[in-house]
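# Residue-level structural notes
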Amino acid sequence: MMSMRMLCLFGLLSFCGCAAQAVEIAYTAGEHPFPGPMSVQAKQELSPGNYTLVDKVNGRQVAGQVDRHGRIWWWESGVKPGQPISYQLSGQVSPDIVAGKHDVELKVGDRAVGVYIRGDHFTTLNYKANESKPYLYPVIGPTGDPVTRSYPMKEVEGERQDHHHHRSLWCAHGNVRLAGKDRVDNFWHEGKGHDLQKLKRIIRMSTGPVFSQIETEIDWVDSESGERDFVEYRTYTFFSANEDCRVIDIQNVFDFQDGDVTFGDDKEGGIIAIRVATSMDEKEPGKGMRHNSRGQSGDPTWGARAEWCDYVGPVNGKTIGIAVFDHADNYGHPSHWHFRDYGLYTANPFGLSHFDKKAGDGTKTWKKGEKAEFNYRVYIHKGDMEAGNVAGQYGLYANPPKIEIK
């Protein structure tokens, strides 16, 4: 059986490279430093798959990848602010790409998909039938150590074993109501009487030298009646990154096909939610520390609005940070953050009355047929907030350089 990487390569080799030869990409690096993922929408039809970007000035080759929407992606590094860059897109795949030296690969298991960067395990998407929601676990940082808590999936000595519904990296909300139904569905907690996110299918998977992607369809279901509140299309994009960081983009598209849906004002929720490793949380002095884009640290970060947050602390004797970037187009941006000293870390735009008494009611209703889209980037970095240049990385995410393509 062909691996995901070989299937992508086979598809590319069947593509006529002459069209790709005409594609040129140019931009001037802005003030926000690299490395990081870059992308631009092609103006001509390009087959999804692996490509090479060739620097027209010095011949430098950069691995490229085209997604199913015709968007060209690459991981940019070694570029200085203000530097002009000009690439030509080549349909010829470089030997390094063929050898898989840049690949982000996927390995399908029993209701699980493992993600591997250059052969090293990064994370696994778990969607077991006997669990209440899909989640990523473990999440292994650039030092080779797990950066999220193992409990309740696995008991590890020295870890906090509270809040068994905190599953590494997940999405949930504790107060969801479907119009015309006399009930409040709780997708945050787990156990008898609590409700379920059922991964109905994996729509598609793609792999390559720049990223791997898993697109899923998830039903949010009332556990007692079996009735669906709404369907979610969740996409995980895992970038190749480099030795100093790991990057995940997560998109949640809520499709309200079955009726009006209300997300109630509740602090128990996070469209993106993380439980950091116990060793890096802030519960004990001298360990970890919470930070946000507004210059706040520690307790003032809880409930505060911020464009991004960063939880920094030691993992196996090395300093690691987990930053989350809130996209400017997200509902409620800049989000409030349910950001706890014991390691819980969520973007929650709905719990206004809990986070800020003067903010009013955070309840939000979407009408039948409407959709709500949320996008976040998880940036796991070596070192503290300054060493990881978190502010600059958010700038690259929020205000990337203007790219010209012809």
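Worth saying up front: this structure is predicted, and the values here are computed from it rather than measured. (Residues numbered from 1 in each chain as written. Predicted model: local features only at pLDDT ≥ 70, side-chain atom pairs only at ≥ 80, totals over all residues. Heavy atoms only, no water.)

Helix and strand content of the protein: 5 helices and 26 strands. When its C-alpha atoms are laid out on the principal axes, the protein stretches across 60 × 45 × 40 Å. Classification of the 406 residues of the protein by burial places 57% in the buried group. Looking at the protein alone, contacts between residues at least 24 apart form 65% of all its contacts between residues at least 6 apart. Side chains of the protein give 47 positive and 54 negative charges; the mean places of these two sets differ by 2 Å. (Helix = DSSP H or I, 4+ residues; strand = E, 2+ residues; numbered from the N terminus. Buried < 20%, exposed > 50% of the residue type's maximum accessible area, 1.4 Å probe, protein only. Contact = heavy atoms within 4.5 Å. Lys, Arg positive; Asp, Glu negative; His and termini not counted. Charge placed at Lys NZ, Arg CZ, Asp CG, Glu CD.)

Attention shifts here to the packing of aromatic side chains. For the structure shown, the criterion picks out 34 aromatic pairs. Ring centres 5.9 Å apart and planes at 70° place the aromatic pair Tyr331 and Trp366 in the edge-to-face group. Remark: Trp366 occurs in strand 24 (residues 364-366) and Tyr331 occurs in the loop between strand 21 (318-326) and strand 22 (337-339); sequence separation between them is 35 residues. On the basis of relative accessibility, which here comes to 32%, the residue Tyr331 falls in the partly exposed class. An aromatic cluster of at least three residues, connected via ring pairs, comprises Phe187, Trp220, Phe230, Phe254, Phe256, Phe263, Tyr331, Phe350, Trp366 and Phe374. When the ring centre of Tyr116 is taken as origin, the NZ or CZ atom of Lys107, which lies over that ring, is 4.4 Å away. (Phe/Tyr/Trp six-rings, centres within 6.5 Å; stacked < 30°, edge-to-face > 60°. Lys NZ or Arg CZ within 6 Å of the ring centre and 35° of its normal.)

Attention shifts here to the nonpolar core. Grouped together as the largest cluster of nonpolar side chains are 53 residues, with contacts concentrated most on Phe238, Phe254, Phe263, Ile322 and Tyr345. When residues no more than four places from it in sequence are discounted, the contact partners of Ile322 are Val147, Ile274, Val276, Met280, Cys309, Asp310, Tyr311, Tyr345, Val378, Tyr379, Ile380 and His381. (Core = buried A, V, L, I, M, F, W, Y, C linked by side-chain atoms within 4.5 Å.)

It is worth spelling out the pairing of strand 8 (residues 112-117) at this point. Burial of strand 8 is extensive: 6 of the 6 residues sit out of reach of the surface. Of the pairings in the sheet, the one linking strand 7 (residues 104-109) to strand 8 comprises 6 bridges and is antiparallel in character. Paired with Leu106 across the two strands is Val115, which belongs to strand 8. In textbook terms, the turn of a hairpin is the stretch between consecutive antiparallel strands, and for strand 7 and strand 8 this stretch comprises 2 residues, one of which, Arg111, has a positive phi near 50°. (Pairing = 2+ DSSP bridges.)

On to helix 5 (residues 390-398), then. Counting buried residues in helix 5 gives 7 out of 9 residues, a clear majority hidden from the surface. Regarding helix 5, the residues found buried are Val390, Gly392, Gln393, Tyr394, Gly395, Leu396 and Tyr397.

Along strand 15 (residues 228-239), 10 of the 12 residues are buried, which leaves the element largely enclosed by surrounding structure. Pairing of strand 14 (residues 211-221) with strand 15 involves 11 bridges; the strand directions are antiparallel. Bridging from a neighbouring strand, Ile214 pairs with Tyr236 of strand 15. Looking at chain direction, strand 15 and strand 16 (residues 245-255) are connected through 8 bridges and run antiparallel. Paired with Thr237 across the bridge in strand 16 is Asp249. Taking the residues that link successive antiparallel strands as the turn, the strand 15-strand 16 hairpin has 5 residues, and the phi of Ala241 there is positive, at about 55°.

It is worth spelling out the environment of Asp55 at this point. Tracing the backbone through its elements, the reader meets Asp55 in strand 3 (residues 49-55). For the pair Asp55 and Ser86, spaced 31 residues apart in the sequence, the C-alpha separation amounts to 5.8 Å. A distance of 2.8 Å separates a polar atom in the side chain of Asp55 from the backbone nitrogen of Val57. (Polar contact = N/O pair within 3.5 Å; in protein donor to acceptor, adjacent residues only side chain to side chain.)

In spatial order, the strands read 2-5-4-3-6-1-26; together these 7 strands make up an open sheet with antiparallel pairing. Lying at the two open borders of the sheet, with one neighbouring strand each, are strand 2 (36-41) and strand 26 (403-405). Along the sheet, successive strands turn relative to each other by an average axial angle of 30°, direction set aside. In this structure, strand 3 lies alongside strand 6 (residues 84-90), joined through 4 bridges in antiparallel fashion. Residue Leu53 lies in a different strand from strand 6, and its bridge partner there is Leu89. (Axes fitted to C-alpha atoms, helices over the stretch in contact; angles between N-to-C directions.)

The next thing to look at is the sheet that holds strand 17 (residues 261-263). The strand order across the open sheet formed by 3 strands is 12-17-24, and the pairing between neighbours is antiparallel. Only two strands of the sheet have a single partner each, and these edge strands are strand 12 (176-178) and strand 24. On average, adjacent strands in this sheet sit at an angle of 20° to one another, irrespective of strand direction. Relative to strand 24, strand 17 runs antiparallel, the two being bridged by 3 bridges. Its bridge partner being in strand 24, Phe263 is matched across the sheet by Lys364.

With that settled, consider the environment of Ser168. Turning to its location among the elements, Ser168 is positioned in the loop between strand 10 (135-139) and strand 11 (169-173). Considering only alpha carbons, one finds Ser168 and Tyr135, 33 residues apart in sequence, at a separation of 6.9 Å. Each residue touching Ser168, except ones within four places of it in the same chain, is listed here: Leu136, Tyr137, Val139, Thr148, Arg149, Met153, Ala273, Ile274 and Arg275. In this structure the side chain of Ser168 is engaged in a polar contact, spanning 2.7 Å, whose partner is the side chain of Thr148.

The values reported here are purely geometric and, on their own, carry no functional implication.
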